[in-house]
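Chain by chain, the residues:
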Amino acid sequence: KQIKNLLPAFNDLKSYPINLVLKFGVFGAFSALNSIAIQLFLRHQLSLTSEWSTVGDWQAITKISESYLLLVTTPLNTFILPQLSMLKIKHSQNALIEKTLQIGVIFTLCFGILLFLLWDSLIIRIIGMPFADLKKFIPLQVIGDTFKVVCWTLVIAALARMQFKL
């Protein structure tokens, strides 16, 4: 009986609108496909104007960025989006969006600074000396990542408020 109390009530899951869950899934799928297409396009354009080593450097710094941004985007999609969609009071939604923006931006900036500071001592040992010159790109990447976090948060908020239709 005690174990049964620890599991979520399945009756609560039945009351959750399945179409809302499907919309969240469509949003995630569209985002994933769109992201891949944009990455391929940018890589192709860069290869037309630069050497392949530059393309490789861009790809490496992008992959590093994607790795730590997963720590921000996963909670956005799995926790913040459902929480925002369940909140009916606009003030509560705004408070959660503001808190999410603060945490996301602070995390992104702190991780970027930490990455920059540890680049020579730790990161080079992990990924190797051929990528030592990438350190100069980290500040620009962190600025871009910060904008990504802000945009993702605002899109999640708009989706939760159903300000655009899927």
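Residues numbered from 1 in each chain as written. Predicted model: local features only at pLDDT ≥ 70, side-chain atom pairs only at ≥ 80, totals over all residues. Heavy atoms only, no water.

1. Quick look at the overall build of the protein chain
Of regular secondary structure, the protein chain possesses six helices and zero strands. Start at the N end of the protein chain and walk to the C end: the helices and strands fall as α-α-α-α-α-α. The proportion of buried residues among the 166 residues of the protein chain is 28%. Restricting the contact set of the protein chain to residue pairs at least 6 apart, pairs at least 24 apart contribute 68%. (Helix = DSSP H or I, 4+ residues; strand = E, 2+ residues; numbered from the N terminus. Buried < 20%, exposed > 50% of the residue type's maximum accessible area, 1.4 Å probe, protein only. Contact = heavy atoms within 4.5 Å.)

2. A closer look at the pattern of salt bridges
Considering all chains together, one arrives at three salt bridges under this definition. For K135, the salt bridge is made with D120, and the minimal N-O distance between the two is 2.9 Å. Pair noted here: K135 is in the loop between α5 (90-127) and α6 (138-160) and D120 is in helix α5, with a separation of 15 residues, a long-range link. Of the residues examined, D120 reaches a relative accessible area of 52% and is grouped as exposed. (Salt bridge = Lys/Arg side-chain N within 4 Å of Asp/Glu carboxyl O.)

3. Comments concerning the packing of α5 against α6
Relative placement of two packed helices is described by the angle separating their axes and the distance separating the axes. Where α5 meets α6, the closest approach of the two axes is 9 Å, and the angle between their N-to-C directions is 160°. By the criterion of interaxial angle, the relationship of α5 to α6 is roughly antiparallel. For the pair α5 and α6, the crossing hand works out as right-handed. Residue-level contacts link I97, T100, L101, G104, V105, T108, L109, G112, L115, F116 and W119 of α5 to I138, P139, V142, D145, T146, V149, V150, T153, L154 and A157 of α6. The class makeup of the residues in the contact of α5 with α6 is 14 nonpolar, six polar and one charged. (Axes fitted to C-alpha atoms, helices over the stretch in contact; angles between N-to-C directions. Parallel < 35°, antiparallel > 145°, perpendicular 65-115°, else oblique. Left-handed = near helix turned anticlockwise from the far one by under 90°. Nonpolar A, V, L, I, M, F, W, Y, C, P; charged D, E, K, R; others polar.)

4. Structural notes on the packing of helix α4 (residues 52-86) against α6
Contact geometry of α4 with α6 gives a least axis separation of 10 Å together with a crossing angle of 20°. Viewed along their axes, α4 and α6 adopt a mutual orientation that is roughly parallel. Both α4 and α6 take part in a crossing whose hand is right-handed. When α4 is examined against α6, the residues I61, S65, Y68, L69, V72, T73, L76, N77, I80, L81, L84 and S85 are found in contact with a partner set consisting of I138, Q141, V142, D145, K148, V149, W152, T153, I156, A157, L159 and A160. Broken down by class, the residue content of the contact of α4 with α6 amounts to 16 nonpolar, six polar and two charged.

5. Focus: the environment of L71
Secondary-structure assignment places L71 in helix α4. A relative accessible area of 55% means that L71 is categorised as exposed. Each C-alpha atom, one on L71 and one on F107, is 9.1 Å from the other, the two residues being 36 residues apart in sequence.

6. As for the confidence of the model for the protein chain
For the protein chain, per-residue confidence averages 79 on the pLDDT scale, and residues scoring 70 or more make up 83% of the total. Per-residue pLDDT, averaged within each element of the protein chain, yields its smallest value for helix α1 (residues 2-6) (47) and its largest for α6 (87). Low pLDDT, under 50, characterises residues 1-11; the stretch is placed with zero contacts to residues that sit more than four places away or in other chains. (pLDDT = per-residue confidence, 0-100.)

7. Some points on the packing of aromatic side chains
The geometry of two aromatic rings is summed up by the distance between their centres and the angle between their planes. Counting across every chain of the model gives two aromatic pairs. For the ring pair Y68 and F111, a centre distance of 4.5 Å and an interplane angle of 35° mean the geometry is tilted. Separated by 43 residues along the polypeptide, Y68 in helix α4 and F111 in helix α5 bring together distant segments of the chain. Take Y68: its relative accessible area is 3%, and that puts it in the buried class. Measuring from centroid to centroid gives 6.0 Å for F107 and F111, while their planes differ by 25°, and the two rings are stacked. Of this pair, F107 and F111 both sit in helix α5, separated by four residues, roughly a single helical turn. Judged by its relative accessible area of 28%, F107 falls in the partly exposed class. Against the face of F116 rests K135, its NZ or CZ located 4.6 Å from the ring centre. (Phe/Tyr/Trp six-rings, centres within 6.5 Å; stacked < 30°, edge-to-face > 60°. Lys NZ or Arg CZ within 6 Å of the ring centre and 35° of its normal.)

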